[in-house]
Amino acid sequence: MKLLVILATILSSVLTNLEQKTLQTDFTLSVSEEVNQPINYTGTVVLNGERFRINLFGLDAAYDGQTLYIYSAETDELTLSRPTEQELLETNPLLYARYLADRCTLTEKTADDGRCTYITLVPKDPTDPLTRLVMRVRNNDLMPLSIEMREGKTVSTLRFTNPAFVTTETEYILRPEKETFVNDLR
């Protein structure tokens, strides 16, 4: 029981940091299936609790706590919506880790060099499509460095490049240009 309290404290501390501080980082998302070569996508993200601003797949997206904004430069279209909890969990892996905390068995392992800790979440429900989520966290500042999710034969790995907590204000709203088509689904 003592180990579970310690583990919950590590994960809780990481998630509390992400609620109270703003994380800014470039990232690489790698998606692979068993024997296939991974497909890599690069992007940038700013996270603060539920709010985020992300650039990935040629799309800009932002969530201000109520409205999800998605802008496609290719079509010059801005879509506004009120996302479901499930849509937010699929968009923000750190929210997903918070969601999983109560539904999973938690374990942790300190890296051999002592600089990082691996927090592993395994769903208690064997029918859950997710089989494992592993978050690598830097020990000195509880900075998340990577998140790996396994679902069946698919492995998705999110690696942060030079992540930092920043104090600059970020606007979590995308504003259209005059000619941009606005698709308001709210």
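Provided above is the structure to which this section pertains.
Our subject in this report is the structure included herewith. Predicted, not measured: the structure shown is a model, and the values here were computed from it. One numbering rule holds for all chains: residues counted from 1, following each sequence as written. It should be noted that, the model being predicted, local features are given only for residues of pLDDT at least 70 and side-chain atom pairs only at 80 or more, the latter also being counted only at that level, while totals for whole chains, interfaces and linings use all residues. To obtain the side-chain values, all non-hydrogen atoms of the structure were used and water was disregarded.

**Observations regarding a nonpolar patch on the surface**
Thinking step 1. What makes a patch is a set of residues exposed beyond 30% relative accessible area and free of salt bridges, joined within 9 Å when like-charged and within 5 Å when nonpolar (Val, Leu, Ile, Met, Phe, Trp, Tyr). Note that accessible areas follow from Shrake-Rupley with a 1.4 Å probe, and for residues the cover is restricted to the protein chains shown. Any Lys or Arg side-chain nitrogen located within 4 Å of an Asp or Glu carboxyl oxygen qualifies as a salt bridge. A cluster of nonpolar residues, F57, L59 and I70, forms a patch on the protein surface that exposes about 250 Å² of accessible area.
Thinking step 2. Strands are runs of DSSP state E lasting at least 2 residues, helices are runs of H or I lasting at least 4, and numbering of each runs from the N terminus. You can see L59 is positioned in strand β4 (residues 59-63).
Thinking step 3. Three exposure classes are used, based on accessible area relative to the maximum for each residue type with a 1.4 Å probe and protein chains only: buried under 20%, partly exposed in between, and exposed over 50%. On the basis of relative accessible area, L59 is assigned to the partly exposed category, the value being 32%.

**Describing empty space enclosed by the protein**
Thinking step 1. A pocket here means an open set of points on a 1 Å grid, computed over the protein atoms alone, that has protein on both sides within 12 Å along at least five of seven lines. A cavity is instead a set of points where a 1.4 Å probe fits but cannot get out; residues with an atom within 4 Å of a point line either one. Grid points are joined across faces, edges and corners, and a volume is the space filled by probe spheres set on the points. Scanning the entire structure with this criterion turns up one cavity of 30 Å³ or more.
Thinking step 2. By volume, the largest cavity amounts to about 80 Å³.
Thinking step 3. For the largest cavity, the full set of lining residues is L15, L18, E19, L47, G49, N92, L94, L95 and R98.
Thinking step 4. For the lining of the largest cavity, the elements supplying multiple residues, two or more each, are α1 (2-20) and α3 (93-100).

**Quick word on the layout of surface pockets**
Thinking step 1. Roughly 780 Å³ of volume is contained in the largest pocket.
Thinking step 2. Along its surface, the largest pocket is lined by 36 residues, and L29, E90, T91, N92 and P93 are the ones closest to its centre.
Thinking step 3. Element by element, the count of residues in the lining of the largest pocket is highest for α3, at five residues.
Thinking step 4. Gly is placed with the polar residues, together with every amino acid not listed as nonpolar (Ala, Val, Leu, Ile, Met, Phe, Trp, Tyr, Cys and Pro) or charged (Asp, Glu, Lys and Arg). Split by residue class, the lining of the largest pocket holds 26 nonpolar, six polar and four charged.

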